[in-house]
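Residues per chain are reported as follows:
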Amino acid sequence: MSSPSAAELAARVRRGEVTATSVLEEHLARVAAREPEVHAFCLVTEDLARAQAAEVDRRVAAGVDPGPLAGVPVALKDLLCTKGIPTTCCSRILAGWRPPYDATVVRRLAAAGAVMVGKTNMDEFAMGSSTEHSAFGPTRNPRDLSRVPGGSSGGSAAAVAAGFAPLALGSDTGGSVRQPAALCGVVGAKPTYGLVSRFGLVAFASSLDQVGPFAANVADAALALDVISGHDEADSTSLPGEPPKASAKLGLGVEGVRVGVIAELAEAEGIAPDVARRLREAADALASAGAKVEEISVPALRYALSAYYLIAPAEASSNLARYDGVRYGLREQRADMTETYIATRSAGFGPEVKRRVMLGTYALSAGYYDAYYGKAQKVRTLIIRGFEEAYRSCDVLLSPTSPTTAFALGAKTADPLSMYMSDICTIPSNLAGHPAVSVPFGTGDDGLPVGAQVLAPALGEAEMFQVAAALERLAPAPAPATGAER
Amino acid sequence: MPVTVALYDGRVDQPNPRTSISPAEVAHVARLARLALSEEELSMYTTQLAAVLGHAADIAALDIEGTPPTAHPFPLADVFREDEPRPGLDRDEVLSQAPDVEGPYFRIPRIMGDAP
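This text gives an overview of the structure that appears in the document. Small disclaimer: the values here were computed from a predicted structure and weren't measured.

1. Details of the overall build of chain B
Tallying secondary structure elements over chain B gives three helices and two strands in all. When the helices and strands of chain B are listed from N to C terminus, the series reads α-α-α-β-β. Taking all 116 residues of chain B together, the buried fraction comes to 28%. Counting contacts in chain B only where the partners sit at least 6 residues apart, residues at least 24 apart contribute 44% of the total. Accessible surface, chain B as shown: approximately 7,800 Å² in total, 55% of it carbon and sulfur.

2. Focus: the pairing of strand β7 (residues 258-262) of chain A
One face of the sheet, then the other: side chains in a regular strand alternate in exactly this way. All names here are of chain A. Most of β7 is tucked away, with four of its five residues classed as buried. Bridge count between β7 and strand β8 (residues 292-296): five bridges; the pairing is parallel. Its bridge partner lying in β8, Ile-262 is registered against Ile-296. The pairing of β7 with strand β9 (residues 396-400) spans three bridges and is classified as parallel. Bridging from a neighbouring strand, Val-261 pairs with Leu-398 of β9.

3. Side note on the environment of A:Gly230
Residues and elements named next belong to chain A. Along the chain, the position of Gly-230 falls in the loop between α7 (218-228) and β7. Here Gly-230 falls in the buried class, since its relative accessible area comes to 9%. Along the backbone, Gly-230 and Cys-425 are 195 residues apart, and their C-alpha atoms lie at a distance of 27 Å. For Gly-230, the contacting residues outside a window of four places in its chain are Arg-108, Leu-195, Ser-238 and Pro-243.

4. Structural notes on the packing of α7(A) against helix α16 (residues 461-474) of chain A
Residue and element names in this part refer to chain A. At their nearest, the axes of α7 and α16 sit 9 Å apart, and the two run at 160° to each other. Considered as vectors, α7 and α16 are oriented roughly antiparallel to each other. On the side of α7, the interface is formed by Val-218, Ala-221, Ala-222 and Leu-225, while α16 contributes Glu-461, Phe-465, Ala-468, Ala-469 and Glu-472. Here the contact of α7 with α16 is composed, by residue class, of seven nonpolar, no polar and two charged.

5. Description of α7(A)
Residue and element names in this part refer to chain A. Counting buried positions along α7 yields nine of eleven residues, so the element is predominantly enclosed. Turning to α7, its buried residues are Val-218, Asp-220, Ala-221, Ala-222, Leu-223, Ala-224, Leu-225, Val-227 and Ile-228. The backbone nitrogen of Ala-219 lies 3.2 Å from a side-chain oxygen of the residue at the head of α7, namely Asn-217. Just past α7, the residue Gly-230 takes up positive phi, approximately 120°.

6. A short note on the packing of aromatic side chains
Residues and elements named next belong to chain A. What the rule picks out here adds up to 14 aromatic pairs over all chains. With centroids separated by 6.0 Å and ring planes inclined at 80°, the aromatic side chains of Phe-125 and Phe-349 adopt a geometry described as edge-to-face. Placement of Phe-125 in the loop between β3 (115-120) and α5 (154-161) and of Phe-349 in the loop between α11 (337-348) and α12 (351-364) is noted, with a sequence separation of 224 residues between them. Aromatic ring contacts, followed pair by pair, group Trp-97, Phe-125, Tyr-323, Tyr-328 and Phe-349 into a single cluster.

7. What to know about the side chain of A:Arg345
Among the structural elements, A:Arg345 can be located in helix α11. Look at A:Arg345: it is buried, it has no salt bridge, and the nearest opposite charge is A:Asp324 at 7.5 Å. If near-sequence neighbours (up to four positions away) are discounted, A:Arg345 is found in contact with A:Ile93, A:Leu320, A:Ala321, A:Tyr323, A:Lys354, A:Val357, B:Ala33, B:Arg34 and B:Leu35.

8. Some words on the interface of chain B and chain A
With 56 residues of chain B in contact, the opposing surface of chain A contributes 70 residues. Taken together, both faces of the contact between chain B and chain A bury some 5,600 Å²; the carbon and sulfur share is 68%. Taken together, the links from chain B to chain A amount to six salt bridges. B:Arg31 is the partner of A:Glu339 in a salt bridge, and the nearest nitrogen-oxygen pair spans 3.8 Å.

9. Structural notes on the state of the cysteines
All names here are of chain A. Counted under the stated rule, the structure contains zero disulfides over all chains. Cysteine Cys-42 shares no disulfide, and the gap to the nearest cysteine sulfur, in Cys-90, comes to 3.9 Å. Here Cys-81 is not cross-linked by a disulfide; its sulfur's nearest cysteine counterpart is in Cys-89, at 7.4 Å.

The rules behind these values
Think of each chain on its own: its residues are numbered from 1, step by step along the sequence as written. To read the labels, note that chains go from A and ligands from 1, taken in the order they are written. Restriction of local features to residues with pLDDT of at least 70 applies here, the model being predicted, together with a cutoff of 80 or more for giving and counting side-chain atom pairs; totals for whole chains, interfaces and linings are based on all residues. Side-chain descriptors were evaluated using all non-hydrogen atoms of the structure, hydrogens and water having been removed beforehand. Runs of H or I in DSSP of at least four residues are treated as helices and runs of E of at least two as strands, each being numbered from the N terminus. Only protein chains enter the area calculation, which uses a 1.4 Å probe; residues under 20% of their type maximum are buried, those over 50% are exposed, and those in between are partly exposed. Any pair of residues with heavy atoms lying within 4.5 Å of one another is described as a contacting pair. For accessible areas, the Shrake-Rupley method is used with a probe of radius 1.4 Å. Any residue's cover is judged against the shown protein chains and nothing else. Here the rule is simple: two strands pair whenever DSSP picks up at least two bridges between them. Axis definition: a line fitted to C-alpha atoms, over the contacting stretch in the case of helices. Angles run 0 to 180 degrees between N-to-C directions. To sort the angles, those under 35 degrees are grouped as roughly parallel, those over 145 as roughly antiparallel, those from 65 to 115 as roughly perpendicular, and the leftovers as oblique. Put simply, Ala, Val, Leu, Ile, Met, Phe, Trp, Tyr, Cys and Pro go in the nonpolar bin, Asp, Glu, Lys and Arg in the charged bin, and everything else, Gly too, in the polar bin. Pairing of N or O atoms within 3.5 Å defines a polar contact, subject to two protein rules: one partner must be a possible hydrogen donor and the other a possible acceptor, and residues neighboring in sequence count only if both atoms are side-chain atoms. To pair, rings of Phe, Tyr and Trp, with the six-membered ring standing in for Trp, must have centres within 6.5 Å; the planes then decide the type, stacked if under 30 degrees apart, edge-to-face if over 60, and tilted in the middle. Working convention for charge: Lys and Arg count positive, Asp and Glu count negative, and His plus the chain ends are omitted. Any Lys or Arg side-chain nitrogen located within 4 Å of an Asp or Glu carboxyl oxygen qualifies as a salt bridge. Buried area counts how much accessible surface, traced with a 1.4 Å probe, disappears from two parts once they are put together, with both parts' losses summed. Only a pair of cysteine sulfur atoms within 2.5 Å counts as a disulfide in this structure description.

Remember, this is a structural readout, not a statement about activity or role.
This is the structure:
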C-alpha cells in the first residue's frame, strides 16, 4: 500500500505539517467508500474521532506534543471496553451495553494521541476463525470479497488491509490476531502473555488471551505494541518490570540469528502446498541474508490443537457464566431465575458460543475432567518444555501462520472441526504464553496473501520483530493494492 | 437426569476412549450450561461435539501420568496492593446498564419456589 505509515503520519502531525483532522477525514472517506462492501466495523465512531483529532490539533497548535501516535486513526476490536460507547463482542447478549470504563489499552492509545475511528467486527466473543460468527453478519476480505478475512479479529485485519486505519487492535487467544493478519495481508502480533494489560478486554480464555496490534508494516506493529505494553496494576496477570522494547532491533538484519523451521508445522498434513512452498522461500531468504536456518522438531505440537480445544472452551464456559441477564446486557425474563438464565443465554448466544460453552462444560464435568481438561493441561506442559528445548539451539522459530490462504465465505461454517484446524499453527504460542507475529510473505496460487509466522520465547519481542522486519524486506512483491478487486 | 458414561481409564492400550457423545449427554451438558436446545440443535451439537471429542482422543490416549499440569503460562503469585480507598465505578452509571433495577439494587425474578 502506498499510504504513509502510522509512524510517518504521527511524525507529520507532531511537526504540524498536517492536521490530525485532515488525516482522519482521509480515512473516513475511505471508510465511506468501501465499508458497505467490507463491513469491517460494527460501529464507526466518527463524532468521537473528530473530537479526538481536534484535540490533537489543539495540542500541536499550543506546542504540546500529543504523543507517539499523534493523530493516527485506530480501529478497536469490539471486545475492548470503551467508556460510554457500545461494546458488544458482536453478541446479541451484550447488544447496546455501554461499559462504565475504558480498557487500559484504550486509555494508553488515547494518551499517545491516537484517534479511535470505530469498533471492529469479530466472531462472537472471539470464538471463530472467519468472522462469520458475528451477530452483525460477516466481514469480507478486502483483497477478495468472496473470501473471509479470517478471525476472530477479522474486522480489525480488514480495516487495516482496506486502509480504513493504519493501526488496529485485536485479541489473540488461539491465533485471532495472526491468522486474520495473514489472510488479509497485513502484520499482526500476539505479545508475550502478561505484556499487555487484559483490563477491559472482555474475557474468553483468561490464561490464553492477549491484546495485539495490526498494522500495514512491521515497524508500525512494533510501535503500537510499545505504546500499549507495560505493567498495569489493574490486571493481576500483568508482568512486573520494564517491558522489552519491541521496536529496538528492527533494522539489525538477521546475520547470525538462529532460525528454526518447525517441522511439525511447516509441512504438516493440512498445510496447503502453496503455503508450504512460500514458507520454504521465506526460510531460504533468511538464510541468504545470513541467518543460520535449521529444521527443528517439537513433537508435542502435534497435540496442541486438541489441548487448545479443551482448555479454551473450558475457560470460556467459566468466563461466560457471567452472562446471566442480571447486571448488564440482554434479559429474557421468566417466572424464576433459573428459567431466566436459560432463556437469556439461549436467546443471547450464537451457535459457536453455545458449542464451545457446552464443550468446555463437558470437559470440566465430573467423570471427564481428568481424561480431557486434566490431560490437556499436561500436554500444555509438554508443549512449553518442547519450546524450551527448541530455544536452546534457536533464537526464533518459523512456521506458516495459517495452513491456507483466505477461504470462501461459508466454506467451513457447517463443520466446526475444519474451522478449528485453521488455528493449528498459531495455537502453540498461546498455550506457551510466548509471542508470535505474522508477516506477509508473497501470495498463494490464488493470488491471495500468505503469512509467515515468527515465534519467539517469552519477552523475545525485540528479536521477533527484528526477524519479521527482515522477512518484510525479503518478501516477494506484495499483492496488488487493495481496491481493484471484485 | 441420569447419564451413563464410558469413562477412559487412562491405559494407553485403550486407544480410542471417547469418540462419541450421546444426545442425552449433550442435553445434560446444555442444562449444566443453562442453555435450552431444540431437537434440531441437540442433533447438530451431538454430531459436532462428537467430532471435536474424537479429535481430542489423541491426547486422552497419551500416557503422561507423571507430567505436571499447566494452568497458566507463568508462575505468577497472588498480587497485593495497599488497602487504600480509591474511587470505584459510579453506581448510577453501572446500574444504568442493568436490565432491571429498583433503587440502588439489581432487580431479578424470584430465586426460590413456593413454600410447601
